[in-house]
Each structure stands twice: as structure tokens, then as C-alpha cells.
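One-letter residues, chain by chain:
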Amino acid sequence: MQVDTNARTAAKALTDFIKASPTAFQATAAMQTRLTAAGYTRLNEGELWQLQRGKNYVVTRNGSALIAFRLPAGELQGFRIAASHGDNPNFKLKENPEMTGNGGMTRLNVESYGGANLSTWFDRPLSVAGRVIVREQHTLVTRCVDVGRDLVMIPSLAIHMNPKVNHGMACNVQKDMLPVFGLDATLKMADVVAETLKIDAGEIMGQDLYVYNRQAPSIWGASQEFLSSPRLDDLQCAFSSLNGLFAAAPSEHQAAVHCCFDNEEVGSGTKQGAGGTFLKDTLIRIVLGLGGTMEDYYRIVANSLMVSADNAHAAHPNYLEKADPVHRPRLNGGVVIKHSANQKYTTDGVSSALVRMLCEQAGVPYQVFVNRSDMPGGSTLGNISTSQVSLNTADVGIAQLAMHSACETCGVLDTERLTAFLRCHFESGMTAETDGRFRIAEESHDKD
Ligand code: ZN
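Counting starts from 1 at the beginning of each chain's written sequence and moves along it residue by residue. A pLDDT threshold of at least 70 governs which residues receive local features in this predicted model, and a stricter bar of 80 or more applies before side-chain atom pairs are shown or counted, although totals over entire chains, interfaces and linings include all residues. Side-chain numbers here rest on the full set of heavy atoms in the structure, without hydrogens or water.

Thoughts on the domain arrangement of the chain
Each domain span listed reflects an automatic or database assignment of domains. For the chain, the assigned domains are domain 1 (5-88 + 230-442) and domain 2 (91-213). Computed over C-alpha atoms, the centres of domain 1 and domain 2 are 31 Å apart. Any pair of residues with heavy atoms lying within 4.5 Å of one another is described as a contacting pair. Every contact between the two is made by 17 residues of domain 1 and, on the other side, 18 residues of domain 2. Once two parts are brought into contact, the accessible area they lose, counted with a 1.4 Å probe and summed over both, makes up the buried area. With both chains or domains summed, domain 1 and domain 2 bury close to 1,400 Å², and 57% of this area falls on carbon and sulfur atoms. Ranking the residues of domain 1 by area buried against domain 2 places Phe25, His404 and Ala406 at the top, with a combined share of 35%. Salt-bridge detection follows one rule: a side-chain nitrogen of Lys or Arg within 4 Å of a carboxyl oxygen of Asp or Glu. Counting every contact that joins domain 1 to domain 2 gives 0 salt bridges. Under this definition, polar contacts are N or O atom pairs within 3.5 Å; protein pairs additionally need one hydrogen-donor-capable and one acceptor-capable atom, and for neighbouring residues in sequence, both atoms have to be side-chain atoms. Counting across the domain 1 and domain 2 interface gives 10 residue pairs in polar contact (both at pLDDT 80 or more). Its residues assigned to classes, the side of domain 1 that touches domain 2 comprises 6 nonpolar, 7 polar and 4 charged. Only Asp, Glu, Lys and Arg are considered charged, only Ala, Val, Leu, Ile, Met, Phe, Trp, Tyr, Cys and Pro nonpolar, and every remaining residue, Gly among them, polar.

Next comes the structure, spelled out in C-alpha cells:
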């Protein structure tokens, strides 16, 4: 297999984004920087929105979720939405995290955030990032922080003292996963954060700080066909969605909407998660802001399509028996369309047909994922989001191995393919005519 320069350039850009995004706060900031540099106007949820047709906007919530949208020059008839998430399983620092006195070493008290594969976090350089709330005279200001150097480590127990470790190991977060911070019992995590931000530690009034994997992403394999990195799930989809938005040609009647939510890994049930009202509030404000009514909102949502983009399981060569006997997604096999009879994935016959049509238009291969019938599988944000904004939705993703490991693996070609598919989705003029009937002609034909 030949991996061309384009794919390698795209993979490099993805890894730059991931390195700059240790938590959802940095991912949101990085996306917002790119969007505003590209001319997107920043909106604040607490202010009046004065929207104009043909213009582009970006809004954030909690500093950890972002929605960017391009308004059509003509009458708004539908939303083309892509949703992903910017958080990933890791460890959150508890308040006053320093634990001193064990063998003279200070450790940090943490709790798990989401469903990490805990054993993969041992024996690798880790750091701390997130946000702190700082008192500056009469204001409280949120500051993103990334310590950005090898800071902590979770050493494993030597095999000599745990001879059965290779038969499987139970990891208890409170016992086994506490990162070692230093030998100086007087040093506080707040001092390190304060030094990073060049502030006084006493000014820090609140914090949301997480331990993250510092390992650099790597392209590898006999033909350099693989990419391994922390946080592929779901920054790879977020990155593809954003690039798809930038690449999409303006639509005459459809608004392209890129959303990246927080807290997918803990069930999405927060104000900044897919279970909150961020998307619904934003879509309503778009319709009303363009002079429409709530009746228009319901009509436009009914004519819309959402793609929930979250990475998918590739069939693992050492554990093929864990995959469905027929549908076994491959790395570099193209966009994965996820199905689930119990609707953990939102894809159904209608949205699947729409996605396959778009893949064909984009010229990208697609493949199917379903769980083995005796395995429950994971969950994602599509079905949670539809409880707030109910519309035709499909779950897609990029095939990857080792999901929720500290380091995950995908194919180098698939970022570009998901980007091409989402570009087509954003610029498509496909519209619903009645329930279950869609016009798939290009928008240019709409004027006839
Ligand atoms: Zn995910």
C-alpha cells in the first residue's frame, strides 16, 4: 500500500491538533482560533445575536464545547450538522490533590474520567492540563492551562512482586492509579499551574485539571500506513469535521453546522454535552435571528440531517472473534457507518441511505460496523443529541484499534476520507420532501 504525501500531510496536521488539545478546553480553543482566523465571527451566548445571511459564526459553551455555523445566502431551508466530542477518558485531579507521606513521595489524588483502559496508563510520562478560574481584582477569569512538560508518572508494580500480572490485573483507581508528583512534600500542584500561567497560586479560585498522556503521535508500519496517538477518539472526527466545514462550498439554502461537545465520555448529560440544550438553543437562535418563527424552526429541523461522528472499532487481528462475523471494519477502509438494532447508534435505513449517497458523491469508500449480537458495545452522542433535537441522524466514525487506551491506532488514510465525506454533507443540497422521501439533486438544480 502506498501512502501518498497528501495523506501524510493530513495525518501530520491531525497530530499537531491532537498535541495542542490535551483536554476539551484546549481543543475548543484551538478550533476557535482557526475559525476566527478564517473570518468566523465570535458570538457570546449571553449577548444579543445579530446574524446575517451568508456569514459565518462560532459560539462556545463552558469553554469546552463549540458550535460553528455557516449561514446560507438564500432562505434557510435545512441544517447540515456534524457532531463530535472533544473530551477523552483520563484522570481528573481532586481538590487539594497532594498526598504526602508514602515512601517520601507525593502523589496526586485522582478519580477516573470516563472509561479508560487503566493499565495502558502505567509507566509513561504524563502531564496536567485543563482550566483554572483566577481572581483578577474584581473579576473571575477562566484561564486554559497546559503544564506541557513531563510532570507525573504512574509506575506499575514490578512483576517480581506481582507474578500473576500477565494473567490479568485488576486496577483500582484509588489504589493503583495515583500519579507520582515529586519528592518535595511542600510543593503543590497549584504552584506548578501558577508558574505555568505566571500568576500567584493564591489567585486560583477553582479548577478542572486532568492528567493526560504526553506521548507524541507516531506514523508507523511497513508502508507507514498506521497512525498511533493519544485521543484519536474523538479528536480525529472533530478535526475532520472542522476541515470539512472549511472545505465545503457555500450552500444556497442549507446552514452547515459543526459541533464539538464535551462530556461524551461520562454520558453527555451536562450543559456543554450533547444531552444539554447547546445545539437546540443555537439552532433556534439561528432561525429566530434570521427573522423566522418557531414554526419555521420545526419545519427546518424536519428537513435537516445530522451526522454523529465518533470513532468506531476496527476488527482486531488478534481478537477477530470479538467482531461481528460479517461486518469487520478495517483500518484505511473508509468511513464506518454504525448500526445498532437497539438504536445506541442512530443510523437507520433512511439515514444510512443518505450517508451512502454522500460517500458515493465524495468518492470515499465506506464500511459497516455492528456489534456482535451477544455484546452490548459502547455508546456515543448521536442518540443522546436527538433527544434534544430530533431529526434524521446517522452514526459514523473512523475505524480504530485500542479505543480508550492511552494510545490508540488508526489508518493514515481515513482522516482525509471522513473530511471529504463531511465536506459533501455540509455542502449537500439534499432536502426532505415528505417523511422518508428526499430530493438528492444538487442545489444548482433547485433554482429550476
Ligand atoms: Zn468517542
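Remarks on the pairing of strand 13 (residues 254-261)
Whether a residue is buried, partly exposed or exposed follows from its accessible area with a 1.4 Å probe, protein chains only, as a fraction of its type maximum: under 20%, in between, or over 50%, in that order. Numbering of helices and strands runs from the N terminus, with a helix taken as a DSSP run of H or I at least four residues long and a strand as a DSSP run of E at least two residues long. Among the 8 residues in strand 13, 8 count as buried, and that is most of the element. Covered by surrounding structure in strand 13 are Gln254, Ala256, His258 and Cys260 together with Ala255, Val257, Cys259 and Phe261, the residues of both alternating faces. Judged from the 5 bridges that link them, strand 3 (residues 65-70) and strand 13 form a sheet pairing that is antiparallel. Bridge assignment links alanine 68 to a residue of strand 13, and that residue is histidine 258. Should DSSP find at least two bridges between two strands, the strands are regarded as paired. As defined by bridge partners, strand 4 (residues 78-85) adjoins strand 13 across 8 bridges and the pair is classed as parallel.

Examining the side chain of serine 351
Within the secondary structure, serine 351 is located in helix 8 (residues 349-362). A polar side-chain atom of serine 351 sits 2.9 Å from the main-chain carbonyl oxygen of threonine 393. The residues touching serine 351, leaving out its near neighbours within four places in the chain, are Thr346, Thr393 and Ala394.

A look at the coordination of the zinc ion
Nitrogen, oxygen and sulfur within 2.8 Å of a metal are treated as its donors, or within 3.2 Å for sodium, potassium and calcium (Na, K, Ca); water is not counted, so a site can appear incomplete. Only His85 (NE2), Asp233 (OD), Asp310 (OD) and Asp310 (OD) from the protein coordinate the zinc ion, and they sit 2.0 to 2.7 Å from it. Square planar and octahedral sites, with four and six donors, are those where opposite donors lie more than 155 degrees apart and all other angles lie between 65 and 115, tetrahedral sites have four donors with every angle between 85 and 135 degrees, and the rest are irregular. Each of the 4 donor atoms bound to the zinc ion contributes to angles spanning 53 to 144°, and the resulting shape is irregular. Counting residues between consecutive donors of the zinc ion along the chain gives the motif H-x147-D-x76-D. Taken together, the residues span a long stretch of sequence, with histidine 85 in strand 4 and aspartate 233 in helix 5 (residues 232-247) at a distance of 148 residues.

Details of the sheet that holds strand 5 (residues 90-102)
Across the sheet, 6 strands lie side by side as 8-7-10-5-6-9; this open sheet has antiparallel pairing. Bordering the open sheet on either side are strand 8 (139-146) and strand 9 (180-182), each of which pairs with just one other strand. Taking the axes of each pair of neighbouring strands and ignoring which way they run, one obtains an average angle of 35° across the sheet. For helices, the fitted line uses only the C-alpha atoms of the stretch in contact; every axis is such a line through C-alpha atoms, and the angle between N-to-C directions lies from 0 to 180 degrees. Relative to the sheet, helix 4 (residues 189-197) contacts strand 5, strand 6 (105-113), strand 7 (126-136), strand 8, strand 9 and strand 10 (204-213), its axis offset from that of strand 8 by approximately 90°.

What to know about the state of the cysteines
Count a disulfide wherever a pair of cysteine sulfur atoms falls within 2.5 Å. Summed over the entire model, instances satisfying the criterion amount to 0 disulfides. We note that cysteine 424 lacks a disulfide partner, and the nearest cysteine sulfur, in cysteine 359, lies 8.8 Å from it.

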